[in-house]
Structures are given as structure tokens and as C-alpha cells.
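# Fold and contact review
Residue-level listing of the chains:
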Amino acid sequence: SRLVDAVRASSIHDLPCFRTLDAAGNDLGGIEQPDIPQDIGMRIYKAMARTQIMDDICYQSQRQGRFSFYLTSAGEEATTVGSAAALAHTDEVFAQYREQGVLMYRGFSFRQFANQLYGNMFESGKGRQMPIHYGCSDLNFQTISSPLATQMPHAVGAAYAFKMERS
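On a predicted model such as this, the values are computed, not experimentally measured, just so you know. (Residues numbered from 1 in each chain as written. Predicted model: local features only at pLDDT ≥ 70, side-chain atom pairs only at ≥ 80, totals over all residues. Heavy atoms only, no water.)

## Remarks on the environment of F110
When you line up the elements, F110 lands in helix α4 (residues 110–118). Judged by its relative accessible area of 35%, F110 falls in the partly exposed class. The spacing of F110 and F69 is 41 residues in sequence and 16 Å in space, taken between C-alpha atoms. Filtering out sequence-adjacent residues up to four positions away, F110 remains in contact with R50, M54 and M104. (Helix = DSSP H or I, 4+ residues; strand = E, 2+ residues; numbered from the N terminus. Buried < 20%, exposed > 50% of the residue type's maximum accessible area, 1.4 Å probe, protein only. Contact = heavy atoms within 4.5 Å.)

Structural data, given as C-alpha cells:
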């Protein structure tokens, strides 16, 4: 038996993608738009735009040696900010790298991001966390853990603890 089978690229089909605009930014028409109040839509847009701006600044700063570590969320802004918009502010978030859009949507400031990236005494962890291991109890955003995919067991454990607390 073979452990790995070769697959021809021509046999792989693209997954459909929900789109309301074409590549040039024109309305595709005939597509039902989500019913999002204008103020929420603007908040989502601003959080995505601010995340991109912060990513540009912080990535360049990291490349210049000002921060020891930084990962951008380029291309993932809508996923994280949209998810944050769908949650209640009281919902706990167990995020991973590249999901700073959640914090941006919830009101984490540029100064708070910078303090965490520098690991100084002004950030909530008092400089004891590795850069981009954001956390903010006021925004119900649990501190990011280095190993990938650890947020799942953490979230399940916390959910179970919250359930036990209520019973």
C-alpha cells in the first residue's frame, strides 16, 4: 500500500466563494446583502482598515529590529473582524496568531498593541509575554499561546468551567 498518492492539479476544483463585488470592485448585482446596520458596518470597516495599517507599521518596525517578533494578518482581516462583530462583547475569545483584528474591533488601542509588542511595563502582562501574545481581560480576550491549535482545548476547558460555575 502507498502512503502518499499523487494528485493531478487539474483534478482539483476551486471552492466557491461568496462575493458581492467583482475583482474591479463592481457590484455583482442580484446578491442578497447582509442586513448590517450602517454603524456596525463602519465599525467593521474601520477595524479592518486599522488592522491593515497597524500590520504595515509593525511589520516594517519588526524588519528594522524595533520588535523581535511580529506576524501580519494580511488577507485575514474580514474573517477575524467579522467573527468579532458576530460575538457578544462578553463572549470569551481564544485566538491564535494573526487574529489581532478581534482585539482591534473590541477597542484595543494602537498604544496597547505597541506596549505588548515592546513587552514593556505598560502592557497587561508587565513584559512577561512574548510579542504578539496579546491578551486583555477587559475585552474577554485570552492570552495567545505559542503552540498552534492550543486555543481549542483551552476554549473547551473554559466553557466546561463556565458551565460548572452556573450549575
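Past the structure itself, the notes keep going.
## Overview of the layout of surface pockets
Approximately 400 Å³ is the volume attributed to the largest pocket. Forming the walls of the largest pocket are F18, R19, T20, L21, Q33, P34 and I36. When the residues that make up the lining of the largest pocket are grouped by side-chain class, the tally is 4 nonpolar, 2 polar and 1 charged. (1 Å grid on protein atoms, 1.4 Å probe; cavity = no way out; pocket = protein on both sides within 12 Å on 5 of 7 lines; lining within 4 Å. Points joined across faces, edges and corners; volume = space filled by probe spheres on them. Nonpolar A, V, L, I, M, F, W, Y, C, P; charged D, E, K, R; others polar.)

## Thoughts on the side chain of E77
With respect to the helices and strands, E77 occurs in helix α2 (residues 77–86). This buried residue, E77, is left without a salt bridge; R98 holds the nearest opposite charge, at 9.7 Å. Aside from chain neighbours lying at most four places away, what touches E77 is M48, T51, Q52 and G82. (Lys, Arg positive; Asp, Glu negative; His and termini not counted. Salt bridge = Lys/Arg side-chain N within 4 Å of Asp/Glu carboxyl O.)

## Here's the deal with the environment of F141
Structurally, F141 can be placed in strand β2 (residues 141–142). Judged by relative accessible area, F141 falls into the buried class, the value being 2%. Taking C-alpha positions, F141 is 12 Å from H154, a pair spaced 13 residues apart along the chain. Excluding residues within four positions of it along the chain, F141 makes contact with V93, A95, E99, V102, L103, Y134, G135 and C136.

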